[in-house]
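# Geometric and topological summary
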Amino acid sequence: MNETISEKKMPEVVVYTMAFCGYCVGAKSLLEKKSVAYLEIRIDEEAGKREEMEQRAGGRDSVPQIFIGDQHIGGFDELVELDMDDELDPLLGLE
Ligand SMILES: N[C@@H](CCC(=O)N[C@@H](CS)C(=O)NCC(=O)O)C(=O)O
């Protein structure tokens, strides 16, 4: 079946963040530069979200923690590394 751009399924992108976090700003900026919509979850504002993040991220407790669909990417460094290796866009459904 032919897939038009408007029908293309983009995975849900989730970024767990908190206030005063430069790495969080960096991760969000990279996604925004690519015009990728993401759900930001503030672990310092929403009850239970810190625990949820740590559970999903295999115990990692630094922010940001980034998920593309069901896949745990890690933090800002891992996001940038994937991008530098040209592996990020395919995960985001951009290619
Ligand atoms: N290498 C990590 C560094 C993330 C980081 O250090 N985040 C800070 C906030 S900007 C943090 O969570 N510090 C508390 C901690 O490491 O537990 C990444 O690239 O995401």
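Rules and cut-offs
- Counting from 1, residues in each chain are numbered in the order their sequence is written.
- With the structure being a predicted model, the display of local features is reserved for residues of pLDDT at least 70 and the display and counting of side-chain atom pairs for 80 or more, all residues being used for whole-chain, interface and lining totals.
- Calculation of side-chain values draws on the structure's entire complement of heavy atoms; hydrogens and water are dropped beforehand.
- Any two of the Phe, Tyr and Trp rings considered here, Trp counted by its six-membered ring, make a pair once their centres fall within 6.5 Å; the pair's planes then place it as stacked at under 30 degrees, edge-to-face at over 60, or tilted in between.
- Secondary structure follows DSSP: runs of H or I at least 4 residues long count as helices, runs of E at least 2 residues long count as strands, and numbering of each begins at the N terminus.
- In this scheme, a residue with accessible area under 20% of its type's maximum is buried, one over 50% is exposed, and one in between is partly exposed, where area comes from a 1.4 Å probe on protein chains only.
- Two conditions define a charge sitting above a ring: the NZ of Lys or the CZ of Arg must be within 6 Å of the ring centre, and it must be within 35 degrees of the ring normal.

What follows deals with the packing of aromatic side chains. In this description, a pair of aromatic rings is defined by centroid distance and the angle of the planes. Inspection of every chain in the model, using the stated rule, returns two aromatic pairs. A centroid spacing of 5.8 Å and a plane angle of 80 degrees characterise the contact between Y16 and F67, whose relative ring orientation is edge-to-face. You can see Y16 sitting in strand β1 (residues 13-17) and its partner F67 sitting in strand β3 (residues 65-68), a full 51 residues away along the chain. Taken individually, Y16 and F67 each receive the classification buried, so the pair is uniform in this respect. Centre to centre, the rings of Y23 and F76 are 6.1 Å apart; their planes meet at 50 degrees, and the pair counts as tilted. Of this pair, Y23 sits in helix α1 (residues 22-33) while F76 sits in helix α3 (residues 76-84), and the two are 53 residues apart along the sequence. Look at Y23 and you get exposed, because its relative accessible area is 52%. Taking the relative accessible area as the measure of exposure, F76 reaches 23% and is therefore partly exposed. The positively charged end of R56 is found above the aromatic ring belonging to F67, 4.0 Å away from the centroid.

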